[in-house]
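Architecture at a glance
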Amino acid sequence: MNTLLPTTVVGSLPKPSWLAQPETLWSPWKLDGNTLLEGKQDALRIAIHEQSRRGIDIVSDGEQTRQHFVTTFIEHLSGVDFEQRKTVRIRDRYDASVPTVVGAVRRERPVFVEDAKFLRATTDRPIKWTLPGPMTMVDTLFDDHYKSREKLAWEFAAILNQEAKELEAAGVDIIQFDEPAFNVFLDEVKDWGVAALERAAEGLRAETAVHICYGYGIKANTDWKATLGSQWRQYEETFPLLQNSSIDIISLESQNSHVPMDLIELLRGKKVMLGAIDVASETIETPEEVADTLRKALQFVDADKLIPSSNCGMAPFPRDVALAKLSALSAGTRIVREELERSAPKVS
């Protein structure tokens, strides 16, 4: 698209109260069967309408059709037993009961493709679809079959590539892979994480993005952030690797974080999806606060490569808060867009 500083949302938006429990991460569905399918599609229509109405340029489904950003995809794969559960340490941060890999993992049929087709038919704006990244998938399971995080990641990468190619054929313009694990397992990122991510994106004509954040604003994540010191420099390890990768867009957390803005310089030449909306606080940013974040970023990324966004998903927020934050993102972006247009050389 030709819009300067096109806005987007990184991940989830709150679901309607008739579909799932409000302000609750990964809440069970309140509907089932054909009624659930209809409810998901209605929720997707609402998400598209609200994004468009509030000035979001690259729209997504807001994860209205998914219960969990990782396990909803895994549920559709063979070789994973959801009844046989184990407790594992997620992101080296908190314990969770997870399903077990008991055999070879395979994708028997498309997972999100029909939902993506519905999204494509609902809007004429560019659309983005999110998939879990290979390393984050590995970190959300107990592996009792491959006995190797790397080997399982390569299997997932091939499966994700199948899904991504069909999403591209369904009309998706940007395919985003969520890799919060990239901020934790830095040695594995270097050894095989980026390579597995590139395998997941192999051969795609659609633009590809990787989202690396510090997590939803839940206690386990905020407690972890409190241990990271006055500067969060994990990106310093991963950005040079991603700058040399085949991934087109790098998505990062910025607003109210302790990430030094100058680390973006390590991505020079890549598109940057900059989190200018905080998802750990219900305080609604002012347009000027958003504009100030973008101005600081523009010292390190060219304007034609900057995509203003949220830090992460907003599913835990009240809907009015999330929607107000979308409006603030668009309003702040318009301020900077107009400043750039006024300062551009006049063509005689």
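Below you will find a few notes about this structure. (Residues numbered from 1 in each chain as written. Predicted model: local features only at pLDDT ≥ 70, side-chain atom pairs only at ≥ 80, totals over all residues. Heavy atoms only, no water.)

Attention shifts here to the overall build of the protein. Within the protein, the secondary structure is distributed over 10 helices and nine strands. The C-alpha atoms of the protein give a radius of gyration of 19 Å, which matches the 20 Å a tight globule of 348 residues would have. Over its C-alpha atoms, taken along the principal directions, the protein stretches across nearly 65 × 45 × 40 Å. Expressed as a percentage of the 348 residues in the protein, the buried residues total 56%. Sequence separation of 24 or more characterises 76% of the internal contacts of the protein that already satisfy a separation of 6 or more. (Helix = DSSP H or I, 4+ residues; strand = E, 2+ residues; numbered from the N terminus. Rg over C-alpha atoms; globule rule 2.2 N^0.38 Å. Buried < 20%, exposed > 50% of the residue type's maximum accessible area, 1.4 Å probe, protein only. Contact = heavy atoms within 4.5 Å.)

On to the sheet that holds strand β7 (residues 249–253), then. The strand order across the open sheet built from six strands is β3-β5-β6-β7-β8-β9, with neighbouring strands paired in parallel fashion. Looking along the sheet, the strands with just one partner apiece sit at the ends: β3 (128–132) and β9 (306–309). Direction aside, neighbouring strands of the sheet carry axes that sit 25 degrees apart on average. Both β3 and strand β5 (residues 174–178) contribute to a ladder of five bridges, which runs parallel. Each residue of the ladder has a partner; that of W129, found in β5, is I175. (Pairing = 2+ DSSP bridges. Axes fitted to C-alpha atoms, helices over the stretch in contact; angles between N-to-C directions.)

This brings us to the packing of aromatic side chains. If you walk through the whole model with that rule in mind, you get six aromatic pairs. Ring centres of Y235 and F239 lie 4.6 Å apart, and the angle between their planes is 10 degrees; on these two criteria the pair is classed as stacked. Placement of both Y235 and F239 in helix α8 (residues 235–243) is noted, with a separation of four residues, approximately one turn of the helix. Pair check on accessibility: Y235 and F239 agree, each one buried. Put simply, the rings of Y214, W224, W232, Y235 and F239 touch in pairs and so form one group of aromatic residues. If you follow K86 out to its NZ or CZ, it ends over the ring of F142, 5.6 Å from the centre. When the ring centre of F185 is taken as reference, the NZ or CZ atom of R149 above it lies at 4.6 Å. (Phe/Tyr/Trp six-rings, centres within 6.5 Å; stacked < 30°, edge-to-face > 60°. Lys NZ or Arg CZ within 6 Å of the ring centre and 35° of its normal.)

Here helix α1 (residues 33–53) spans 31 Å end to end across 21 residues, near enough to the 30 Å set by a 1.5 Å rise per residue. Buried within α1 are the following residues: L36, G39, K40, A43, L44, A47, I48, E50 and Q51. Backbone geometry just after α1 places G55 at a positive phi near 85 degrees. (Expected span 1.5 Å × (residues − 1).)

The two faces of a sheet get side chains in turn, since along a regular strand they alternate between them. Of the strand pairs in this sheet, strand β1 (residues 77–90) and strand β2 (residues 94–107) are connected by 10 bridges, and their pairing is antiparallel. The residue of β2 that forms the bridge with V80 is V101. The antiparallel hairpin formed by β1 and β2 contains three residues in its connecting segment, where R91 sits at a positive phi of about 55 degrees. Where β2 meets strand β4 (residues 142–143), two bridges bridge the pair, whose relative direction is parallel. In the strand pairing of β4, V101 is matched with D143.

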